Amino acid sequence: MFSNTKRAVALTLLASAANFVFAAPAPVSDLNSTSSVSKSRSSETEVERLERLLQNRNRVQLQMQEQIDQMSQEISDLRGQLERNSYEMQQMLQRQRELFVELDRIRGEMKSAPVKETKPTETSGKYTPNVDEQTAYQNAVDLILKKRDYTGAIAAFQQFQKDYPDSTYSANSHYWLGQLYFAKKQDKDAVKSFAAVVSYKDSNKRADALLKLGEIAERNNNAAQAKKNYQQVVDEYPGSASAKLAGSKLK
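Residues numbered from 1 in each chain as written. Predicted model: local features only at pLDDT ≥ 70, side-chain atom pairs only at ≥ 80, totals over all residues. Heavy atoms only, no water.

A. Structural view of the packing of helix H3 (residues 130-145) against helix H4 (residues 150-163). Where H3 contacts H4, the axes come no closer than 7 Å and their chain directions differ by 160 degrees. It follows from the interaxial angle that H3 and H4 lie roughly antiparallel. The hand of the H3/H4 crossing is left-handed. Mapping the contact onto sequence places Glu133, Ala136, Tyr137, Ala140, Val141, Leu143 and Ile144 in H3 and Tyr150, Gly152, Ala153, Ala156, Phe157 and Phe160 in H4. Split by residue class, the contact of H3 with H4 holds eleven nonpolar, one polar and one charged. (Axes fitted to C-alpha atoms, helices over the stretch in contact; angles between N-to-C directions. Helix = DSSP H or I, 4+ residues; strand = E, 2+ residues; numbered from the N terminus. Parallel < 35°, antiparallel > 145°, perpendicular 65-115°, else oblique. Left-handed = near helix turned anticlockwise from the far one by under 90°. Contact = heavy atoms within 4.5 Å. Nonpolar A, V, L, I, M, F, W, Y, C, P; charged D, E, K, R; others polar.)

B. Looking closely at the nonpolar core. In terms of nonpolar packing, the biggest core is built from 33 residues, with Tyr137, Ile144, Phe157, Leu180 and Phe194 touching the most fellow members. If you list the elements that add at least two residues to this core, you get H3, H4, helix H5 (170-183), helix H6 (187-198), helix H7 (206-219), helix H8 (223-236) and helix H9 (241-250). (Core = buried A, V, L, I, M, F, W, Y, C linked by side-chain atoms within 4.5 Å. Buried < 20%, exposed > 50% of the residue type's maximum accessible area, 1.4 Å probe, protein only.)

C. The arrangement of the packing of aromatic side chains in detail. Within the structure shown, the criterion is met by six aromatic pairs. Where Phe160 meets Tyr164, the ring centres are 5.1 Å apart and the plane angle is 45 degrees; that geometry is what we call tilted. The exposure class assigned to Tyr164 is buried, which follows from its relative accessible area of 9%. Three or more aromatic residues joined by ring pairs make a cluster, and in this case those are Tyr137, Phe157, Phe160, Tyr164, Tyr169 and Trp176. (Phe/Tyr/Trp six-rings, centres within 6.5 Å; stacked < 30°, edge-to-face > 60°.)

D. Representation of H7 in the model. With 14 residues, H7 extends 20 Å from end C-alpha to end C-alpha; this agrees with the ideal 20 Å at 1.5 Å per step. Among the 14 residues of H7, twelve are classified as buried, and the element is accordingly described as predominantly covered. Those residues of H7 that sit buried are Arg206, Ala207, Asp208, Ala209, Leu210, Leu211, Lys212, Leu213, Gly214, Glu215, Ile216 and Ala217. Asn221 lies just past H7 and shows a positive phi near 60 degrees. (Expected span 1.5 Å × (residues − 1).)

E. Geometry of the confidence of the model for the protein chain. For the protein chain, the average pLDDT comes to 78, and 66% of its residues sit at 70 or higher. Model confidence for the protein chain, summarised as mean pLDDT per element, is weakest for strand S1 (residues 121-123) at 34 and strongest for H6 at 97. Counting contacts from residues 17-24, a segment whose pLDDT is below 50, to residues more than four positions away or on other chains yields zero contacts. Overall, residues 113-128 carries pLDDT values under 50, and its contacts beyond four positions in sequence, including any with other chains, amount to 19 contacts. (pLDDT = per-residue confidence, 0-100.)

F. Up close: H3. For H3, spanning 16 residues, the distance from its first C-alpha to its last is 23 Å, which sits close to the expected 22 Å at 1.5 Å a residue. Burial in H3 covers these residues: Glu133, Tyr137, Ala140, Val141, Asp142, Leu143 and Ile144.

G. Local environment of the side chain of Ser173. With respect to the element layout, Ser173 can be found in helix H5. Here Gln161 takes part through its side chain, which lies 3.3 Å from a polar atom of the side chain of Ser173. Look past the residues within four positions of Ser173 in its chain and what remains in contact with it is Tyr137, Phe157, Phe160 and Gln161. (Polar contact = N/O pair within 3.5 Å; in protein donor to acceptor, adjacent residues only side chain to side chain.)

H. Examining unusual backbone geometry more closely. The backbone of Lys185 shows a phi angle near 60 degrees, a positive value even though the residue is not glycine. Among the secondary structure elements, Lys185 is positioned in the loop between H5 and H6. Phi at Asn221 is positive, roughly 60 degrees, even though this residue is not glycine. Note that Asn221 resides in the loop between H7 and H8. A residue is classified by how much of its surface remains accessible, and Asn221, at 72% relative accessible area, is exposed.

I. Structural detail: the packing of H7 against H9. Taken N-terminus to C-terminus, the directions of H7 and H9 make an angle of 20 degrees; their axes are 9 Å apart at the nearest point. Taken as axis vectors, H7 and H9 run roughly parallel relative to one another. With respect to the hand of their crossing, H7 and H9 are arranged in left-handed fashion. Along the contact surface, H7 presents Ala207, Asp208, Leu211, Glu215 and Glu218, while H9 presents Ser242, Leu245, Ala246 and Lys249. Here the residues of the contact of H7 with H9 sort into four nonpolar, one polar and four charged.

J. Structural context of the side chain of Ser203. With respect to the secondary-structure elements, Ser203 resides in the loop between H6 and H7. Judged by its relative accessible area of 12%, Ser203 falls in the buried class. Once you skip the residues sitting within four places of it in the chain, Ser203 turns out to touch Ala171 and Val197.

Here it is in structure tokens:
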């Protein structure tokens, strides 16, 4: 019996010790430390996420700005090209108007100009009568007005000058060539042709040829030569339309 009583007391003491252990509060310092680490990790993750968002936004904004700058440059280039095309178109139309005016003058001259009687001359192995000479000249002129084949007209007038060096239309053919070269901005060739016209002292194209020489000099920034040509027109052909135009350029 004593043994049983002793065993019961021992069990009671063990049970009390166990209750004390299980009832002990958890260490406060450990819980606070765990909570701080968790909050720190959460804060770091949030900051990193915000940084990534900011970086992505900045990258997108930079790409958009680059695209806008590129589009602005392309628009500027297109605007410049349109302005150049418009200017070139206006220049081309002006040259065509000048050619048509000259054609009307030439036609009037062809009707009134006397046909010089000459013996048939041999050119390129063929005898060419005056009627062929006039036909060749008219065909060259028609290439300008009817067919607008300016390159073909240049070749036709060059051939005409070779075939008929003493033609009644020599001065006019040189003037036409000068106009065609002038329209193509082949200024060196244009100067040669207009200078040839000037050598014909009695040509009614001489004043216009001098005026064109002045315009070519002006276009090539040779102000002194341009002034000289304009002044020559005013002095030698006072009261003419060419002189009035030259005078306006001298002002």
